[in-house]
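Listed below are the residues making up each chain.
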Amino acid sequence: MTEPIEEAQDSAQQDSAQQDSVQRVERGEAFLDVRDLKVHFPTDDGVVKSVDGISFQLERGKTLGIVGESGSGKSVTSLSIMGLHKPGVANISGQIFLDGQDLVTSTREEVRLLRGKRMAMIFQDPLSAMHPFYTVGTQIVEAYRVHNQVSKAVAKKHAIEMLDRVGIPQPDRRVDAYPHQFSGGMRQRAMIAMALSCDPDLLIADEPTTALDVTVQAQILDLIRDLQREFNSAVIIITHDLGVVAELADDIQVMYAGRAVEYSTAEDIFDRPQHPYTWGLLGSMPRIDRERSERLMPIKGTPPSLINVPKGCAFNPRCNYAHLNGGASETERPELLDTGNGHLVACHLSPQERQKAWETDIKPKL
Amino acid sequence: MSTPGTTADAESTPAVPKIGEEILSVDGLVKHFPIRKGILQRQVGAVQAVDGLTFNVTRGETLSLVGESGCGKTTTGRLLTRLLEPTSGKIVFEGRDISHLREGQMRPLRRDVQMIFQDPYGSLNPRHTVGKIVGAPFRLQNVKTEHGVKKAVQELLELVGLSPEHYNRYPHEFSGGQRQRIGIARTLALRPKLIVADEPVSALDVSIQAQVVNLLEDLQEEFDLTYVMIAHDLSVVRHVSDRVAVMYLGKIVELADRVDLYEKPMHPYTVALLSAVPVPDTKRKAKQERIRLQGDVPSPINPPPACRFHTRCWKAQEICKVTEPPLVELAPGHQTACHFPENVEAPAAKADSAD
């Protein structure tokens, strides 16, 4: 049962979709280059295929938004980039190149040295991501001193600077406070301060504002954007909120049941979405910026179990257009293919059918 | 203010209830939670969770209470359903003052006033089957059903989009969206008139959220339900509400029709709140000038004097720190508590529209 997954078990060679030149395959093309990443968890009930072959690239100074519902594999992706899966629990295959270094084949110790310095993560729930027993300052100092040979006093000064940088009032006093003494928004700021204390090149924000109120969310999103500009880091923002990615992301990857179903620039995803699941997400969302259309258009059914992902296109049981291609979506898994201008879609519908469905069925009702 | 509650003994059952008449009215509602300290448990202060709310709800409408955490919206919901007893003020449901009814007196009213809870995991007993959970209201209220409780429960399950075969299953076998449907089925069991829904969809994924929102709308139409919706997601609120009350630190700062509120918000807090919501439209990224509020919501233990928003308001002047602005109607059906409201028509135009 718990055999490692046979690699390339399906014809899921998504790299080919990227049309990359073969020479640079060795060390990765972009600053962050994820190729055919699979994260499978063997359990008593079967193998949970949380991430089942995703590929993307990200350059410094750019922001990638990963969108999807719970169980789509977005958080598992980020945890595997950070090397935070427990050894033996997850079977990870594929490649993750960070500035040329493959994180999948690196040892845990090698990845540990990168964490904090080269890559850092902001978690959804700052209360459980920070240690309740230590002051905020102590935790930032610890993170800083792992990578920098400085005295505690210097590190504390740096911690105060960072807290000031993320907009915490009276940072010289707050540095000695415990996490529970902070409000939700301040805690999230403190965690951002901790994540940024070593100027990481890659920042992963996993639902950074989901637990926060809107006005505080706005502050945090502004903060992430400002800090990214300042440090020129690559940012991955993981969220279920299409509004958040529309604000921050340059590129968006839409995930469903462990795979990418659509990948393009943010403009394309919102103006010319091509995958029925993306349409479903847009149709499900009430709008704040205009008066409502009569009803929301939810996606029927519920997301699949990751142990028994539907055959063919994982979305086919919930898709309104699955009947259009003669049963192909029930037997064949669609590949993520370029439909032009780097807009990647994994769908069996022909471009004409997709165009027609979007123009007539979906767009007018949004 | 606090006239002794006229205990209308429900003399006669009201004639056929009409859409548009008042079903619930709230006057000067206050809830302070005492903070006690020391061996003697002396009261040293109070969390002023709800501090003087006045509004009414008409039959068949959806009134939403929105605001950030700590604004008192959940406490208000619990006061309306009398899961909490108000410190002062009056809650009148269908002409009867229910503000200080005892538990036993309240019980018959529980048929009419029901609540949907936010957390579909915490609100269902994991040891009970779906049948037992949804059938509980019948048993508790000793309601006789025509073909037995089981049949009634199965009808309810079908009504909310579940299969009648789910009767013998346990909550853990269901997804979040399905659990929320179970909760809604239980809420509907006794055909309530007023449903207080506390963040009914905020724990759900977007695609499931839309299903539940549509379900709530369908049920409202079918059973002439009145909803008081408590929510923080302003997009959902825009979609479901007829009227919206914006709360800040225990007070209503603005109360208006949905369209008015979203297109012409008057209170600076509402303006800031609306501008803070990320819009799923990349073209607005550049255009949208966001109002950044500084800092966090102050503590309700020690709220700022006078206008409670003045510490974060960009329009605040001396008067805002001294005099509390009353909640007044500045346009038809549009109440605002602010000294310097936005989007108010010029006096001349106002006189025109007053005709």
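What counts, and where the lines are drawn
- Residues numbered from 1 in each chain as written.
- Chains lettered and ligands numbered in written order.
- Predicted model: local features only at pLDDT ≥ 70, side-chain atom pairs only at ≥ 80, totals over all residues.
- Helix = DSSP H or I, 4+ residues; strand = E, 2+ residues; numbered from the N terminus.
- Buried ≥ 20, exposed ≤ 12 C-beta atoms within 10 Å, placed from the backbone.
- Rg over C-alpha atoms; globule rule 2.2 N^0.38 Å.
- Domains from an automatic or database assignment.
- Contact = placed C-beta atoms within 7 Å.
- UniProt positions renumbered as here; feature names shortened; annotations may be inferred.
- Pairing = 2+ DSSP bridges.
- Nonpolar A, V, L, I, M, F, W, Y, C, P; charged D, E, K, R; others polar.
- Right-handed = clockwise from strand over helix to strand, strands pointing away.
- pLDDT = per-residue confidence, 0-100.

A. View of the overall build of chain B. In terms of regular secondary structure, chain B is built from twelve helices and twelve strands. Across the 355 residues in chain B, those meeting the buried criterion constitute 44%.

B. Representation of the overall build of chain A. Looking only at helices and strands, chain A has 14 helices and twelve strands in total. Over its C-alpha trace chain A gives a radius of gyration of 21 Å, about what one expects of a compact globule, namely 21 Å for 366 residues. Oriented by its inertia axes, the alpha-carbon framework of chain A measures out at about 70 × 50 × 40 Å. Considering chain A as a whole, with its 366 residues, one finds that 50% of them fall into the buried category.

C. Representation of the domain arrangement of chain B within the structure. Residues and elements named next belong to chain B. When its domains are assigned, chain B resolves into domain 1 (22–112 + 192–354) and domain 2 (123–191). Here the C-alpha centre of domain 2 lies 31 Å away from the C-alpha centre of domain 1. Each side of the interface is counted separately: domain 1 has twelve residues, and domain 2 has eleven residues. Ranked by the residues each element gives to the side of domain 1 that touches domain 2, the list is headed by helix 6 (residues 206–223), at six residues.

D. Highlighting the UniProt feature "domain: ABC transporter" (unreviewed entry) in chain A. Summarizing the sequence annotation, UniProt attributes the feature "domain: ABC transporter" (unreviewed entry) to residues 34–282 of chain A in the numbering used throughout. The distance separating the terminal C-alpha atoms of residues 34–282 of chain A is 27 Å; by composition the span is 40% helix and 27% strand.

E. Expanded view of helix 5 (residues 136–147) of chain A. By the burial criterion, the buried members of helix 5 of chain A are A:Val136, A:Gly137, A:Gln139, A:Ile140, A:Val141, A:Ala143 and A:Tyr144. Contacts from the buried residues of helix 5 of chain A go to helix 6 (152–165), helix 7 (171–174) and helix 8 (184–196) of chain A.

F. Structural context of the pairing of strand 10 (residues 259–265) of chain A. Residues and elements named next belong to chain A. Counting buried positions over the seven residues of strand 10 gives six, a clear majority of the element. In the sheet, strand 9 (residues 251–256) pairs with strand 10 via six bridges, with the strands oriented antiparallel. Its bridge partner being in strand 10, Tyr256 is matched across the sheet by Arg259. Following strand 9, the chain reverses through two residues before pairing antiparallel with strand 10; Ala257 in that reversal takes a positive phi of roughly 50 degrees. The pairing of strand 10 with strand 12 (residues 344–345) spans two bridges and is classified as antiparallel. Within the sheet, the bridge partner assigned to Glu262 lies in strand 12 and is Val345.

G. Up close: helix 3 (residues 130–141) of chain B. Where helix 3 of chain B is concerned, the buried positions are B:Val130, B:Ile133, B:Val134, B:Gly135 and B:Pro137. One or two residues past the end of helix 3 of chain B sits B:Asn142, with phi positive at roughly 55 degrees.

H. Geometry of the interface of chain B and chain A. With 34 residues of chain B at the interface, the matching set in chain A holds 39 residues. The dominant element in the side of chain B that touches chain A, judged by the number of residues it contributes, is helix 6 of chain B, at eight residues. Broken down by class, the residue content of the side of chain B that touches chain A amounts to 15 nonpolar, eleven polar and eight charged.

I. Inspection of the pairing of strand 7 (residues 194–198) of chain B at higher detail. All names here are of chain B. The buried count for strand 7 comes to five of five residues, which makes it a mostly enclosed element. Burial along strand 7 is two-sided: Leu194, Val196 and Asp198 and Ile195 and Ala197, pointing in opposite directions, are all buried. In this structure, strand 6 (residues 113–116) lies alongside strand 7, joined through four bridges in parallel fashion. Paired with Gln114 across the strands is Ile195, a residue of strand 7. Bridge count between strand 7 and strand 8 (residues 226–231): five bridges; the pairing is parallel. The residue of strand 8 that forms the bridge with Val196 is Val228. Considered for its hand, the β-α-β crossover made up of strand 7, helix 6 and strand 8 is right-handed.

J. Representation of the sheet that holds strand 1 (residues 32–43) of chain A within the structure. Residues and elements named next belong to chain A. The four strands are arranged 2-1-4-5 in an open sheet whose pairing can be described as antiparallel. Strands with a single pairing partner mark the edges of an open sheet, and in this sheet they are strand 2 (46–58) and strand 5 (101–102). With seven bridges joining them, strand 1 and strand 4 (residues 91–98) adopt antiparallel strand pairing. The residue of strand 4 that forms the bridge with Val34 is Ile96.

K. The arrangement of the sheet that holds strand 6 (residues 119–122) of chain A in detail. Within the open sheet, the eight strands sit side by side as 6-7-8-3-9-10-12-11 (chain A). Their pairing is mixed. Two strands lie at the open edges of the sheet, namely strand 6 and strand 11 (337–338) of chain A, each paired on one side alone.

L. Representation of the UniProt feature "domain: ABC transporter" (unreviewed entry) in chain B within the structure. Sequence positions flagged by UniProt for "domain: ABC transporter" (unreviewed entry) are, in local numbering, residues 24–274 of chain B. The span residues 24–274 of chain B carries 35% helix and 29% strand; its end-to-end C-alpha distance comes to 28 Å.

M. Structural context of the environment of A:Glu247. Examined against the element boundaries, A:Glu247 turns out to sit in helix 10 (residues 242–248). Expressed as a C-alpha distance, the spacing of A:Glu247 and A:Lys152, which sit 95 residues apart in the sequence, is 38 Å.

N. Focus on the confidence of the model for chain B. Residues and elements named next belong to chain B. Per-residue pLDDT for chain B has a mean of 87; in total, 90% of the residues score no lower than 70. Taken together, the stretch residues 1–14 has pLDDT below 50 and engages in twelve contacts with residues farther than four places along the chain or on a different chain. Scoring the predicted complex yields pTM 0.85 and, for the interface, ipTM 0.81.

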